[in-house]
Amino acid sequence: MLTGLAEITDVGRDPRRGGYSRHLWQAADLELRSWFIERAERLGLDVETDRNGNLWAWWGQPGTDAVVTGSHLDSVPGGGAYDGPLGVVSALEAIGRLQASGFVPSRPCAILMFAEEEGSRFGVACLGSRLLAGAIDADQARALTDRDGVTLAEAAQKVGVDPAHLGVDRDALARIGLFLELHVEQGRGLIDLGQPVAVASSILAHGRWRLSVTGQGNHAGGTTMSERRDPMVATAAAIVGVQTAARNRPGTRATIGRIEAMPGGTNVIASRVTAWLDARAETDQETRLLVADIAERAQQAAAQNGCSATLTEESWAGAVQFQPGLRARFTQALGQVPELATGAGHDAGVLAAQVPSAMLFVRNPTGISHAPEEFAEMADCVAGVDALELLLRELL
Ligand code: HGY
Ligand code: MN
Ligand code: MN
């Protein structure tokens, strides 16, 4: 069961961070794409790469009103084994079961593997589904750069995706009658409910901002404490402000998980520090208010240390409420499984603005995600495939 997870268990392991680092069009991602194509073709599915680098594996002729399922295979740096792959492997498994039972679909059906869902290489979450849906300006996307300064356009070119064609794909969107994504849960909801599977109700509003704090680079020994303009100290105070602002606002979440000091010498007072903020809340407005509070605190921290600070938005996704009708239909079909909100963003959340979309969550007994401890028991993974198969059978 779910042999697919075992087949890719060694792809993109990150010995330094632990877990997996699988980023768009780099070695591990390319290997996973080849694996997915091979697995899909073993099921007789026809695989095509769309203009944005997303892979579509069609069961039967592509057509409108298709039932599309799938997820992503890319990861965060040092991520877990289930975030993304569980949805892709479960889709392959469910369609394999339907085929083996002699089921003949009455509508087109496809598995969709999205590019760059984590935004780990180019900084924008759900980049592949945003491009597909027209939720990001194509020129802005083409100019996105990775940590080596390679643009999305250059990276696309290198793998045979024409950068000039990156952007909204109305024909592809028109084919989707409904998108259903299965995903490992990235929290403790199903642990607390004591259930293996849930239907998604909503996704927090969430965005990413780049905090840049500029001071005066200098000598660690020659510079007295009173004459320093140290951006590292200002950023440290700003990061404490991130935590304070979120703790003061119930239900909000704010994280700084990535920081870079320039020039980065042990005996050098930094000239500039860059830190990336991830902020989330139940509504768009609460998220914006949280970020404004954080920005205010960062400005104060900078001023108190003779530095200057800027906060620049890099990625934004508004709160998502999945269609109540679909939620009710699926929870009912699955025997009254619970509905569950999530703080994690998903491609299904991006597509929900354009096509009927829904999600299934599978219990993660550690409640930990975006870390090597992320886990799902085989019995719960099987329950997830059972649920996906049941819904696909009904939908098709
Ligand atoms: O960041 C997220 O919420 C998702 O895992 N991309
Ligand atoms: Mn993720
Ligand atoms: Mn994910």
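Residues numbered from 1 in each chain as written. Chains lettered and ligands numbered in written order. Predicted model: local features only at pLDDT ≥ 70, side-chain atom pairs only at ≥ 80, totals over all residues. Heavy atoms only, no water.

Asker: Explain the domain arrangement of the protein chain to me, please; I cannot follow it from the model alone.
Answerer: Annotation of the protein chain at the domain level lists domain 1 (3-204 + 319-395) and domain 2 (205-317). On the side of domain 2, 14 residues touch domain 1, which itself brings 13 residues to the contact. Across the domain 1/domain 2 interface, buried area totals approximately 1100 Å², and carbon plus sulfur atoms make up 40% of it. When the area that domain 1 buries against domain 2 is broken down by residue, the three leading residues are Arg147, Leu204 and Ala319, summing to 49%. Counting across the interface, domain 1 meets domain 2 through 0 salt bridges. The tally of links from domain 1 across to domain 2 stands at 7 residue pairs in polar contact (both at pLDDT 80 or more). Tallied by class, the residues present in the side of domain 1 that touches domain 2 amount to 6 nonpolar, 4 polar and 3 charged. (Domains from an automatic or database assignment. Contact = heavy atoms within 4.5 Å. Buried area = accessible area lost by both parts, 1.4 Å probe. Salt bridge = Lys/Arg side-chain N within 4 Å of Asp/Glu carboxyl O. Polar contact = N/O pair within 3.5 Å; in protein donor to acceptor, adjacent residues only side chain to side chain. Nonpolar A, V, L, I, M, F, W, Y, C, P; charged D, E, K, R; others polar.)

Asker: Would you take a moment to explain the pattern of salt bridges for this structure?
Answerer: Here the idea is simple: oppositely charged side chains can pair when their charged atoms come close. All told, the structure shown has 23 salt bridges when counted by the stated rule. Between Asp192 and Arg188 there is a salt bridge, with the nearest N and O atoms lying 4.0 Å from each other. Take Arg188: its relative accessible area is 44%, and that puts it in the partly exposed class. With a closest N to O distance of 2.7 Å, Arg327 and Glu339 form a salt bridge. (Buried < 20%, exposed > 50% of the residue type's maximum accessible area, 1.4 Å probe, protein only.)

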